[in-house]
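Each chain is listed here by its residues.
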Amino acid sequence: MTIRINGTDYDPPEDARVSLLDLLRDRLQLTGTKVGCNQGACGACTVLIDGRRVLSCLTLAAQADGRKVTTIEGLGADGLHPLQAAFLEHDGLQCGYCTPGQICAAAAMLVEAEAGMPSYVTADLTAPVTLSRDEVRERMSGNLCRCGAHNGIVDAILSVAQERAA
Amino acid sequence: MTPVTYLRADSSAAAIALGAADGHRLLGGGTNLIDLMRKGVEQPAVLVDVSGLAAPITEAADGSLVIGAAARNSDVAAHPLVRARYPMLARAILAGASAQIRNMATVGGNLMQRTRCVYFADAAGSRCNKRVPGSGCDALGGFTRYHAILGASPACIATHPSDMAVALVALDARLHLAGADGVRSVALANFHQLPGDSPEVETMLAPGEMILAVELPPVQPMRSTYRKVRDRASYAFALVSVAAGIVVEDGRIADVRIAVGGVAAKPWRAARAEASLRDGPASVEAFVQAAQAELAQADPLPGNAFKVQLAERTLVAVLTDLAGGDA
Ligand SMILES: Cc1cc2nc3c(=O)[nH]c(=O)nc-3n(C[C@H](O)[C@H](O)[C@H](O)COP(=O)(O)OP(=O)(O)OC[C@H]3O[C@@H](n4cnc5c(N)ncnc54)[C@H](O)[C@@H]3O)c2cc1C
Ligand code: SF4
Ligand code: FES
Ligand code: FES
């Protein structure tokens, strides 16, 4: 089988220990995906597998075999993704290190919310989701930002959520 | 990480056969196992990936809900029947980890995840009876904020980190365990073991067995919730958590179920608190008494003694909220 990354097929590595993160960065030079903690605690390595957000540092490349991986390079392939544009517009970054992970996570988060998936802070678990600031903060809590750009990040995501709802 | 071979199981029968061999380990989402392999705590020779096995969530004829072990945590929390009938379970799952990790984590892996005791994870530098039986416990006299106040032993004071398991135990969940000899059904309440003299034994899963499914018996409609107290508002393990459900009829408690997380090596069913409340008044005084009855068994350390009062107050706050105007 092969791993389809941003539309191109790659063979999984021979060594089963190679994480999806290391495959992307070290072997395919797709360095948009960042390595922070390498232990699941920061979200910098977030990518999409079959459209769902996951951590590439805790995913073996072998686990992605036969599946579709989308990284920040894939999201931005046809010019700036609306979330990338919104992060620029709303100052959703300072150093930019957490940004690819934030944007991949946000892209999947908007789809989750539109599908009605609740979060820990959703009052009524069975009602349609309204994305408040608190909802966005909780749903994005898996992505840390050392620079503290969170207010801009929340603004950027809310602006895209509103555009999509309109 | 030591070299490892990766295999995918295409059926649970294949997973049982492959997983039973020496040095072979089942792999769910990998969010715990891959991390511990990288830290040198776990060193399997072969990984048998069970995360792709069919994992339906189905309602049985008697109204119970059966959840396949490979179901992702996020899919369980989002399932319409879980949200409508077992809100404390949906909330407990949503209180755990992050959205990314919940998308990866399986139900089986969540129940089998190892403790987050930092000395357990420090294979190079710390002594740990769970990792190396008989070697000692560096948590004693160390950093114990996240350690147990109930059911611990001089050999080990670790807690079980799962949020989901706390709600499941309050809901009387059962596990279907499958091995070479067939399938048995056990109460989740009996599944995780207190440390005693052998903290390396964490569950009643026999060698070569796997978790096939979780079964939730039907519950009568009740107000229920999950509340997690932690060092930051999200994406942090519990200091203390409470899963609770209550039925109040004419000011009296007709049914109540309570479990506490972050306090023991297993999700802690608060049987004494439940007994103290059942058929009694739904009042704040009764809630305080019940919480104190449960925590009277606590045996904390200086570094986590605050958790006794924290657990008491969280229990009272959750029960008072649930009783609402009836309290
Ligand atoms: C940064 C971080 C924060 C976290 N925060 C929380 C939190 O707040 N609350 C919380 O509850 N959890 C938290 N977690 C833990 C997370 O929930 C677990 O890592 C996850 O549930 C494990 O599931 P998995 O499928 O990835 O298991 P894996 O890592 O794949 O496996 C874990 C264990 O389960 C065994 N196993 C897997 N499937 C089966 C099966 N079917 N039968 C028998 N054994 C099996 C494996 O052999 C292994 O020993 C956090 C994790 C991280 C990395
Ligand atoms: S508390 Fe348990 S897991 Fe932690 S170091 Fe001691 S023996 Fe090991
Ligand atoms: S690098 Fe993967 S979560 Fe930090
Ligand atoms: S912008 Fe620097 S870490 Fe987020």
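Residues numbered from 1 in each chain as written. Chains lettered and ligands numbered in written order. Predicted model: local features only at pLDDT ≥ 70, side-chain atom pairs only at ≥ 80, totals over all residues. Heavy atoms only, no water.

Draft legend 1. Examining the overall build of chain A more closely. Looking only at helices and strands, chain A has 6 helices and 5 strands in total. Against the compact-globule benchmark of 15 Å for 166 residues, chain A has a radius of gyration of 16 Å, which places it among compact chains. With respect to the three principal axes, the spread of C-alpha positions in chain A is 45 × 35 × 30 Å. Looking at chain A residue by residue over its 166 residues, the buried ones come to 53%. Counted over contacts in chain A with a minimum sequence separation of 6, partners at least 24 positions apart contribute 56%. Across chain A, the 14 positively charged side chains and the 20 negatively charged ones have centroids separated by 3 Å. (Helix = DSSP H or I, 4+ residues; strand = E, 2+ residues; numbered from the N terminus. Rg over C-alpha atoms; globule rule 2.2 N^0.38 Å. Buried < 20%, exposed > 50% of the residue type's maximum accessible area, 1.4 Å probe, protein only. Contact = heavy atoms within 4.5 Å. Lys, Arg positive; Asp, Glu negative; His and termini not counted. Charge placed at Lys NZ, Arg CZ, Asp CG, Glu CD.)

Draft legend 2. Examining the nonpolar core more closely. Residues and elements named next belong to chain B. Core analysis: the biggest nonpolar cluster contains 40 residues, and Val76, Leu89, Leu111, Leu168 and Leu216 have the highest contact counts within it. Looking at this core, the elements that each hand over two or more residues are strand E5 (65-68), helix H3 (73-78), helix H5 (87-94), helix H7 (107-112), helix H9 (164-170), strand E6 (174-179), helix H10 (188-191) and strand E8 (210-216). If you tally residues by element for this core, the top one is H9, at 7 residues. Every residue in contact with leucine 216, bar those within four places of it in the chain, is listed here: Ser64, Leu65, Ile67, Tyr86, Leu89, Leu168, Leu171 and Ala173. (Core = buried A, V, L, I, M, F, W, Y, C linked by side-chain atoms within 4.5 Å.)

Draft legend 3. Region of the structure containing the interface of chain A and chain B. Contacts between the two partners involve 40 residues from chain A and, on the opposite side, 43 residues from chain B. Of the roughly 3,200 Å² buried between chain A and chain B on both sides combined, carbon and sulfur atoms contribute 52%. For the pair chain A and chain B, the interface holds 1 salt bridge. Applying the counting criterion to the chain A and chain B interface returns 24 residue pairs in polar contact (both at pLDDT 80 or more). Here the side of chain A that touches chain B gets 4 residues from one element, more than from any other, and that element is strand E4 (residues 52-55) of chain A. (Buried area = accessible area lost by both parts, 1.4 Å probe. Salt bridge = Lys/Arg side-chain N within 4 Å of Asp/Glu carboxyl O. Polar contact = N/O pair within 3.5 Å; in protein donor to acceptor, adjacent residues only side chain to side chain.)

Draft legend 4. Inspection of the site of ligand 1 at higher detail. Residue and element names in this part refer to chain B. Around ligand 1, 35 residues are found, and the nearest of them are Arg25, Leu26, Thr31, Thr106 and Asp163. The contact in question runs from an oxygen atom of ligand 1 to an N or O atom on the backbone of leucine 26, over 2.6 Å. Interatomic distance of 3.0 Å between a backbone N/O atom of alanine 97 and an oxygen atom of ligand 1. Taking 980 Å² as the accessible area of ligand 1 by itself, protein coverage stands at 96%. Those elements that provide at least two residues to the shell around ligand 1 are strand E2 (24-27), H7 and E8. No other element matches H7, which puts 4 residues into the shell around ligand 1. Along the lines of polarity and charge, the residues of the shell around ligand 1 split into 16 nonpolar, 15 polar and 4 charged. (Near = heavy atom within 4 Å. Areas by Shrake-Rupley, 256 points an atom, 1.4 Å probe, with all protein chains shown as cover. Nonpolar A, V, L, I, M, F, W, Y, C, P; charged D, E, K, R; others polar.)

Draft legend 5. Looking closely at the pattern of salt bridges. All names here are of chain B. Inspection of the entire model under this criterion finds 22 salt bridges over all chains. For arginine 114, the salt bridge identified is with glutamate 42, shortest N-O distance 3.1 Å. Highlighted residues: arginine 114 in the loop between H7 and helix H8 (118-121) and glutamate 42 in the loop between helix H2 (33-38) and strand E3 (46-49), separated in sequence by 72 residues. We note a salt bridge from aspartate 231 to arginine 145, for which the minimum N-O separation is 2.7 Å. Taken together, the positions of aspartate 231 in the loop between strand E9 (223-229) and strand E10 (240-249) and arginine 145 in the loop between H8 and H9 put the pair 86 residues apart, joining distant regions of the chain. Looking at aspartate 231, the relative accessible area reads 41%, which means it is partly exposed. Where salt bridges share partners, they join Arg25, Glu42, Arg114, Lys130 and Glu202 into one cluster.

Draft legend 6. Just the packing of aromatic side chains, in detail. Applying the stated rule across the entire model yields 1 aromatic pair over all chains. Its guanidinium or amino end placed over the ring of Tyr120(A), Arg230(B) lies 5.2 Å from that ring's centre, counting from NZ or CZ. (Phe/Tyr/Trp six-rings, centres within 6.5 Å; stacked < 30°, edge-to-face > 60°. Lys NZ or Arg CZ within 6 Å of the ring centre and 35° of its normal.)

Draft legend 7. Layout of the site of ligand 2. Contacts to ligand 2 come from 15 residues, most closely from Cys117(B), Cys128(B), Cys137(B), Cys156(B) and Ile157(B). Class assignment for the residues of the shell around ligand 2 results in 10 nonpolar, 3 polar and 2 charged.

Draft legend 8. View of the sheet that holds strand E1 (residues 3-5) of chain A. All names here are of chain A. Taken together, the 5 strands give an open sheet; going across it, the order is E2-E1-E5-E3-E4, and neighbouring strands pair in mixed fashion. The sheet is open, and its two borders are formed by strand E2 (8-10) and E4, each paired with just one other strand. Across the sheet, the mean angle separating the axes of adjacent strands is 35° when strand polarity is ignored. Note that E1 and strand E5 (residues 68-70) share 2 bridges and pair parallel. Paired with arginine 4 across the bridge in E5 is lysine 68. Sheet strands touched by helix H4 (residues 99-114): strand E3 (46-49) and E4. Its angle to E3, the strand with the most contacts, is close to 45°. (Pairing = 2+ DSSP bridges. Axes fitted to C-alpha atoms, helices over the stretch in contact; angles between N-to-C directions.)

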